[in-house]
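Architecture and fold: a report
Here are the chains, one letter per residue:
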Amino acid sequence: MRLIHTFTGLLTIIGAAFLFATAHALITDPVNIDPPPTNTGDGSVTPRDPGGNEPDVIESPVPVTTNDTPDSDLPDDALLDAPVPEGMLTLRESHSLFMQDVYFIDARHEHEYEEGHIQYAFWLPSTLFDTDSDRAYGVVDSMPPDATVVIYCVGGECDSSKNTARRLASHGFTDLRIMGVGYAEWVEAGFPISEGVEP
Amino acid sequence: MNKPLTPLTSHTESALLQLPLRLLLGGLMMYAAYNKIPAIQSFAEAIKGFGVLDVESHSELIIIAAFVIPWFELIAGLLLLIGLRGRSAALGIGLLLIMFIAGLLNVIFGDIDADCSCFGDANIVCGSSVGWCQVIRNLILLIPAGYLVWRGPGRLSLDHILSGSNQSPDTHAYQAQSSGSVVDQDPSRA
């Protein structure tokens, strides 16, 4: 008898949860987990400053560890052209876009970002839209929707980049690209990095 | 297993074990729900990141789970906290914890880079990335859940107060002992 009482109670709780969840789903924004619309390659891009004016200066507030790598001193091809998941950027393509002054977004954890990130990259994990929307929209509003935006996380099949790309796409961004390699490969290649927080 | 209860042991157990465990487990569940309910999109992304459900073929299931799990945590946590349908709530939370552990193990053994999102964006004891810490934490939380399923929410609960004439087995045992009668402790008759 107690067993039946316990299980009917459990079913009641599950039913109530479904009821509240349905009501919640009806009044909230739709949830989207489809693959984000992203572009590939380093073809035509819209940099930070498409008008040709002085680029927005994004100063790093802390000493910057910069290894500006001239093209003649690039790392070996094996690293630059390492295979990446379909539809994502290789390290060579990512660096090429960096040199064209496009926006970079770091979608990793905050402590990882503060320990080091691609130079001038903003920190924007998808969860920031829920936890600190002012900060998230501060980043979103600082970029024109038609700008080329490269998003990275720890590399490979990490979901964080895709999640951020999905959020940016929902805010009208049209040229989103995802790095198929992670921050570690960028550092290994000796490309420019910063520490701390970008303003 | 079911030794006769005296008023003292029953009250002591309720005050020192069942009530604190209910407050701990129920409170944690409600806190987890509080962090997830305003961030359903993030929680859906976290469920997708666990790789348990294929996003191509089961995207609807992921979204349904993202909405239902936080509400289940909230309702079960609240019921456990106040001791209403306490056993059912503890059983539900225990099953949820087992489901979470299975998901965590899938991430660990699948070598997947995923965020736990166990408490939304907040971290309790463990970091945000999935690892053995979350598995151990959930295993530890299974202990009070199992105990409360076994012993019930105790005397300091709405279940006990509302039992009235339809008294709970514990109440029946206590009153029978007080009056000196023999108590049938067969749990199947409870």
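A separate point is the overall build of chain A. When helices and strands are counted, chain A shows eight helices and six strands. What you see in chain A, going N to C, is helices and strands ordered as α-α-α-β-α-β-β-α-α-β-α-β-α-β. Considering chain A as a whole, with its 199 residues, one finds that 46% of them fall into the buried category. Considering only contacts in chain A between residues 6 or more positions apart, those separated by 24 or more positions represent 75%. When the accessible surface of chain A is summed, it comes to about 9600 Å², and 56% of that surface belongs to carbon and sulfur atoms.

All names here are of chain B. The topology assignment puts Val125 in the loop between α4 (86-109) and α5 (132-151). Exposure remark for Val125: the relative accessible area of 75% places this residue in the exposed category. When the C-alpha atoms of Val125 and Arg137 are compared, they prove to be 8.0 Å apart, with 12 residues separating the residues in sequence.

Listed per partner, the contact involves 38 residues of chain B and 34 residues of chain A. For the pair chain B and chain A, the two sides together bury roughly 3100 Å², of which 64% comes from carbon and sulfur. Taken as a group, Gln41, Glu45 and Phe67 of chain B account for 18% of the area that chain B buries against chain A, more than any other trio of residues on that side. Where chain B packs against chain A, one counts three salt bridges. With its nearest N and O atoms 3.3 Å apart, the salt bridge here joins Asp159 of chain A to Lys48 of chain B. Counting the contacts that link chain B with chain A gives 10 residue pairs in polar contact (both at pLDDT 80 or more). Elements with a minimum of two residues in the side of chain B that touches chain A: α2 (40-50), α3 (55-82) and α4 of chain B. In terms of residues, the side of chain B that touches chain A owes the most to one element, α3 of chain B, which gives 13 residues. Grouping the amino acids of the side of chain B that touches chain A by side-chain chemistry returns 22 nonpolar, eight polar and eight charged.

Turning our attention to the packing of helix α7 (residues 160-170) of chain A against α2 of chain B. Between α7 of chain A and α2 of chain B, the shortest axis-to-axis distance is 11 Å and the interhelical angle comes to 145°. Here α7 of chain A runs over α2 of chain B; the crossing is right-handed. Within the contact between the two elements, α7 of chain A uses Asn163, Arg166 and Arg167 of chain A and α2 of chain B uses Gln41, Ser42, Glu45 and Lys48 of chain B. For the contact of α7 of chain A with α2 of chain B, the class distribution of residues is no nonpolar, three polar and four charged.

On to the packing of aromatic side chains. Counting across every chain of the model gives 12 aromatic pairs over all chains. Aromatic pair Tyr31 of chain B and Phe119 of chain B: ring centres 6.3 Å apart, planes at 35°, arrangement tilted. Here Tyr31 of chain B, found in helix α1 (residues 7-36), pairs with Phe119 of chain B, found in the loop between α4 and α5; they are 88 residues apart in sequence, far enough to count as distant. For Tyr31 of chain B, a relative accessible area of 35% translates into the label partly exposed. Relative to Trp132 of chain B, the ring of Phe109 of chain B lies with its centre 5.7 Å away and its plane at 80°, an arrangement referred to as edge-to-face. With a gap of 23 residues between them, Phe109 of chain B in helix α4 and Trp132 of chain B in helix α5 connect regions that are remote in the sequence. Given the relative accessible area of 63%, Phe109 of chain B is considered exposed. Grouping aromatic residues by their ring pairs yields a cluster made of Phe98, Phe104, Trp186 and Phe191 of chain A. One residue, Arg108 of chain A, lies across the ring of Tyr183 of chain A, its end atom 4.3 Å from the ring centre. Over the ring of Trp150 of chain B we find Arg151 of chain B, and its NZ or CZ is 5.2 Å from the ring centre.

It is worth spelling out the nonpolar core at this point. Counting 50 residues, the largest nonpolar core has Ile13 of chain A together with Leu25, Phe72, Leu80, Ile93, Val130 and Leu148 of chain B as its most contacted members. Looking at this core, the elements with two or more residues in it are α1 (2-27) of chain A together with α1, α2, α3, α4 and α5 of chain B. Look past the residues within four positions of Phe72 of chain B in its chain and what remains in contact with it is Leu10, Ile13, Ile14 and Ala17 of chain A together with Gly77, Gly92, Ile93 and Leu96 of chain B. Within the second largest apolar cluster, 22 residues are counted, among which are Ile105, Ala107, Leu168 and Ile178 of chain A.

A few words on the pairing of strand β5 (residues 175-178) of chain A. All names here are of chain A. Burial along β5 is two-sided: the residues Asp175 and Arg177 and Leu176 and Ile178 are all buried. As paired elements, strand β4 (residues 148-152) and β5 share four bridges and run parallel to each other. Bridge pairing in β5 places Ile151 opposite Ile178.

Attention now moves to α2 of chain B. Residue and element names in this part refer to chain B. For α2, the buried fraction is high: 11 of the 11 residues fall into the buried class. Within α2 the residues assigned to the buried category are Ile40, Gln41, Ser42, Phe43, Ala44, Glu45, Ala46, Ile47, Lys48, Gly49 and Phe50. Directly beyond the C-terminal end of α2, a positive phi value near 70° is found at Gly51.

What counts as what
- Residues numbered from 1 in each chain as written.
- Chains lettered and ligands numbered in written order.
- Predicted model: local features only at pLDDT ≥ 70, side-chain atom pairs only at ≥ 80, totals over all residues.
- Heavy atoms only, no water.
- Helix = DSSP H or I, 4+ residues; strand = E, 2+ residues; numbered from the N terminus.
- Buried < 20%, exposed > 50% of the residue type's maximum accessible area, 1.4 Å probe, protein only.
- Contact = heavy atoms within 4.5 Å.
- Areas by Shrake-Rupley, 256 points an atom, 1.4 Å probe, with all protein chains shown as cover.
- Buried area = accessible area lost by both parts, 1.4 Å probe.
- Salt bridge = Lys/Arg side-chain N within 4 Å of Asp/Glu carboxyl O.
- Polar contact = N/O pair within 3.5 Å; in protein donor to acceptor, adjacent residues only side chain to side chain.
- Nonpolar A, V, L, I, M, F, W, Y, C, P; charged D, E, K, R; others polar.
- Axes fitted to C-alpha atoms, helices over the stretch in contact; angles between N-to-C directions.
- Left-handed = near helix turned anticlockwise from the far one by under 90°.
- Phe/Tyr/Trp six-rings, centres within 6.5 Å; stacked < 30°, edge-to-face > 60°.
- Lys NZ or Arg CZ within 6 Å of the ring centre and 35° of its normal.
- Core = buried A, V, L, I, M, F, W, Y, C linked by side-chain atoms within 4.5 Å.
- Pairing = 2+ DSSP bridges.

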